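These are the residues of each chain, in order.
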Amino acid sequence: MSGGVEWALHCCVVLTSVREPVPAARLAQLHDVSPSYLAKQLQALSRAGLVRSVQGKAGGYVLTRSPELISVLDVVEAVDGPGPAFVCTEIRRRGPLAASPESCTAPCAVKRAMAGAEAAWRDALRSVSVADLARDVTSDYGPGTLAGISAWLGAAEA
């Protein structure tokens with residue numbers, strides 16, 4: 001999983017705390033990350049329909065729907081794509097003791113294990129929403145945390 005997923009998830013959580021669009025540069029400043037790299041993650045979220053870019057002087061990014069309706073898996077797939085995390089290359093069919101194509105008609109033990117793990121991982125990420133993450137931030141850091149972030153984002157840039 002790319003680092004962009006972490007950045008995108010943090011931005012989605014932050015966007016739950018605001019009513020007005022937040023410029024990408026302000027989000028980058030908040031997280032002390034590269035503005036150009038973060039902009040790519042926000043564009044991926046926008047292409048996936050999770051955030052919307054608002055143009056103009058008061059422009060920036062907003063969530064497109066309730067954070068309860070955006071899963072962590074939605075964000076992962078927006079940034080890293082929907083493809084599997086594990087891609088079998090049929091290594092068992094290579095080398096001096098390669099298995100014959102006829103003996104490789106069913107997935108091997110490694111592929112089965114990885115497919116099961118991936119399904120569980122996707123189910124777990126699908127079950128957690130951005131709203132759940134925002135609630136956890138409040139639980140972990142106190143009830144004023146997201147309000148403080150919102151106020152900072154709304155203040156004039158330092």
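This one's a predicted model, so the numbers in the text were calculated from it and none came from an experiment. (Residues numbered from 1 in each chain as written. Predicted model: local features only at pLDDT ≥ 70, side-chain atom pairs only at ≥ 80, totals over all residues. Heavy atoms only, no water.)

(A) Up close: the overall build of the protein. The number of helices and strands found in the protein is seven helices and two strands. Written out in order from the N terminus, the α and β elements of the protein read α-α-α-β-β-α-α-α-α. Here the protein has a C-alpha radius of gyration of 20 Å; the compact-globule value for 158 residues is 15 Å, and the former is much larger. Projected onto the principal axes, the alpha-carbon positions of the protein cover approximately 65 × 30 × 25 Å. Per-residue burial for the protein yields a buried fraction of 33% across its 158 residues. The long-range share in the protein, meaning contacts at least 24 apart out of those at least 6 apart in sequence, stands at 68%. Counting only carbon and sulfur atoms, one obtains 58% of the accessible surface of the protein, whose full area is about 9,300 Å². When the 15 basic and 15 acidic side-chain charges of the protein are each reduced to a single mean position, those positions are 6 Å apart. (Helix = DSSP H or I, 4+ residues; strand = E, 2+ residues; numbered from the N terminus. Rg over C-alpha atoms; globule rule 2.2 N^0.38 Å. Buried < 20%, exposed > 50% of the residue type's maximum accessible area, 1.4 Å probe, protein only. Contact = heavy atoms within 4.5 Å. Areas by Shrake-Rupley, 256 points an atom, 1.4 Å probe, with all protein chains shown as cover. Lys, Arg positive; Asp, Glu negative; His and termini not counted. Charge placed at Lys NZ, Arg CZ, Asp CG, Glu CD.)

(B) Representation of the pairing of strand β2 (residues 60-63) in the model. As paired strands, strand β1 (residues 51-54) and β2 are joined by four bridges and run antiparallel to one another. Considered in β2, the bridge of V54 is made with G60. In textbook terms, the turn of a hairpin is the stretch between consecutive antiparallel strands, and for β1 and β2 this stretch comprises five residues, one of which, G56, has a positive phi near 105 degrees. (Pairing = 2+ DSSP bridges.)

(C) Structural detail: the nonpolar core. Ranked by internal contacts, the top residues of the largest apolar core, which has 34 residues, are L15, L27, L38, L42, L45 and V75. Listed by contribution, the elements that provide at least two residues to this core are α1 (3-15), α2 (24-31), α3 (35-47), β2, α4 (72-80), α6 (130-141) and α7 (145-154). If one sorts the elements of this core by residue count, α1 sits on top with eight residues. (Core = buried A, V, L, I, M, F, W, Y, C linked by side-chain atoms within 4.5 Å.)

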